[in-house]
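Spelled out from the first residue to the last, the chains are:
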Amino acid sequence: MSGGRERYQMDEPLLSTVSKESKEGPSLPPWDSSVKRRPASGTPKKNQETKEETTNVSKRKSIILNVCLFILITEFCERLAYYGLSGSLIAFFVKKLNYDKVTASELNTLFTTLCYLTPLFGAYMSDKYLGRYKTILGGSIVYAIGLFLCTWGAVPPHYEAGYFLPGLFLFVTVGSGCIKPCVVTLGADQFDPKDPDQVEEKAKFFNYFYWAINLGATVSYGYLTHLALNGQAPSISEPWGA
């Protein structure tokens, strides 16, 4: 009996060791580096979640800053140029090109009409052949050529309708038509509709987009129209303001 009792007491630590190893895995000597030790439970999951959250935050920031910022700048510049032209167009036709007021008003209306018809052409080219990005890029180049021709035709004292009118009615209208139907949808394409965070970010993008439109129009009508009609004394005379 005593021998059996001693045997039971000797085997009890062994059983506890086996039970501990079954729960935590086989014990390894501290100098055995052949097998990597598993960290405490819960730590990898917590680190992984933190890493994913950091990645998602940086991803959201990169969309609005690295992509959509360029889209917003493009829209601002396009609206700045469009309203800068249309705001002083009638006065330029009458004062500088010597058109009567009726003809000047008709040409201004024609310019506005073409700018809202050419987006049909720009949308077709985007969907059928070029895609949104290339359509916007090509339209921006055409737009810039038109602005250069309009500027060249408005240099005093010899105002050249032969440069100004083709630049306005051909290049500017086509360039505007290529940008207008594509730019907002290109921005929306950058966001994943299945990600709630990106859906929220897309809503912010639309707010910024319309702020860019209104800001461009405000600067054009508030300052550029005044500059075109009156100049900016003493640095810019009235003829050069046009």
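Here the structure is a predicted model, which is why all the values come from computation and not from measurement.

Once that is clear, we can look at a nonpolar patch on the surface. Taken together, the side chains of Tyr133, Leu137, Ile141 and Ile145 define a hydrophobic patch exposed on the protein surface, amounting to about 400 Å² of accessible area. Looking at where Ile145 falls in the secondary structure, it is placed in helix H4 (residues 132–153). We classify Ile145 as partly exposed; its relative accessible area is 37%.

We now examine the pattern of salt bridges. Under the counting rule described, the total for this entry stands at 2 salt bridges. Between Arg79 and Glu78 there is a salt bridge, with the nearest N and O atoms lying 2.6 Å from each other. On the basis of relative accessible area, Arg79 is assigned to the buried category, the value being 4%. Classification of Glu78 as buried rests on a relative accessible area of 4%. Asp189 is paired through a salt bridge with Arg132; the nearest N and O atoms lie 2.6 Å apart. Separated by 57 residues along the polypeptide, Asp189 in the loop between helix H5 (161–188) and helix H6 (196–230) and Arg132 in helix H4 bring together distant segments of the chain.

The subject of this paragraph is the packing of aromatic side chains. Counting across every chain of the model gives 14 aromatic pairs. Plain terms: the ring middles of Phe92 and Tyr159 are 6.0 Å apart, the flat faces sit at 85° to each other, and that makes the pair edge-to-face. In this pair, Phe92 is assigned in helix H2 (residues 43–95) and Tyr159 in the loop between H4 and H5, connecting sequence segments 67 residues apart. By relative accessible area, Phe92 is classed as buried at 7%. Here the aromatic rings of Phe93 and Phe164 are separated by 6.1 Å at their centres, their planes lie at 90°, and the arrangement is edge-to-face. Of this pair, Phe93 sits in helix H2 while Phe164 sits in helix H5, and the two are 71 residues apart along the sequence. Aromatic rings pair up to connect Phe92, Phe93, Tyr99, Tyr159 and Phe164 into one cluster. In this structure, Lys180 packs its charged tip against the face of Tyr82, placed 5.9 Å from the ring centre.

Right, let's get into the packing of H4 against H5. Two elements in contact, H4 and H5, have axes whose closest approach is 7 Å; the angle formed by their N-to-C orientations is 155°. One finds that H4 runs roughly antiparallel with respect to H5. Seen along the crossing, H4 lies across H5 with a hand that is left-handed. Per-class residue counts for the contact of H4 with H5 are 20 nonpolar, 9 polar and 1 charged.

In this section: the side chain of Thr118. Mapped onto the fold, Thr118 is located in helix H3 (residues 101–130). Ignoring anything within four residues of it in the chain, the contact list for Thr118 reads Thr173, Val174 and Gly177.

This brings us to the side chain of Glu75. Position of Glu75 relative to the elements: it lies in helix H2. When near neighbours in sequence (up to four residues on either side) are disregarded, Glu75 contacts Ile179, Val183, Phe209 and Ile213.

This part covers the environment of Ser237. Within the secondary structure, Ser237 sits in the loop between H6 and helix H7 (238–241). Residue Ser237 is classed as partly exposed on the basis of its relative accessible area of 36%. Linking Ser237 and Leu227, residues 10 residues apart in sequence, is a C-alpha distance of 9.2 Å.

A word on the confidence of the model for the chain. Across the chain, the average pLDDT comes to 81, with 74% of residues at 70 or higher. Long-range and interchain partners of residues 1–11, a stretch whose pLDDT sits below 50, account for 0 contacts in this model, where long-range means more than four residues apart. Residue range residues 31–35 is modelled with pLDDT below 50. Its contacts to residues more than four positions away, or to other chains, number 1 contact.

The rules behind each value
Residues numbered from 1 in each chain as written. Predicted model: local features only at pLDDT ≥ 70, side-chain atom pairs only at ≥ 80, totals over all residues. Heavy atoms only, no water. Patch = residues over 30% accessible without salt bridge, like charges linked within 9 Å, V, L, I, M, F, W, Y side chains within 5 Å. Areas by Shrake-Rupley, 256 points an atom, 1.4 Å probe, with all protein chains shown as cover. Salt bridge = Lys/Arg side-chain N within 4 Å of Asp/Glu carboxyl O. Helix = DSSP H or I, 4+ residues; strand = E, 2+ residues; numbered from the N terminus. Buried < 20%, exposed > 50% of the residue type's maximum accessible area, 1.4 Å probe, protein only. Phe/Tyr/Trp six-rings, centres within 6.5 Å; stacked < 30°, edge-to-face > 60°. Lys NZ or Arg CZ within 6 Å of the ring centre and 35° of its normal. Axes fitted to C-alpha atoms, helices over the stretch in contact; angles between N-to-C directions. Parallel < 35°, antiparallel > 145°, perpendicular 65-115°, else oblique. Left-handed = near helix turned anticlockwise from the far one by under 90°. Nonpolar A, V, L, I, M, F, W, Y, C, P; charged D, E, K, R; others polar. Contact = heavy atoms within 4.5 Å. pLDDT = per-residue confidence, 0-100.

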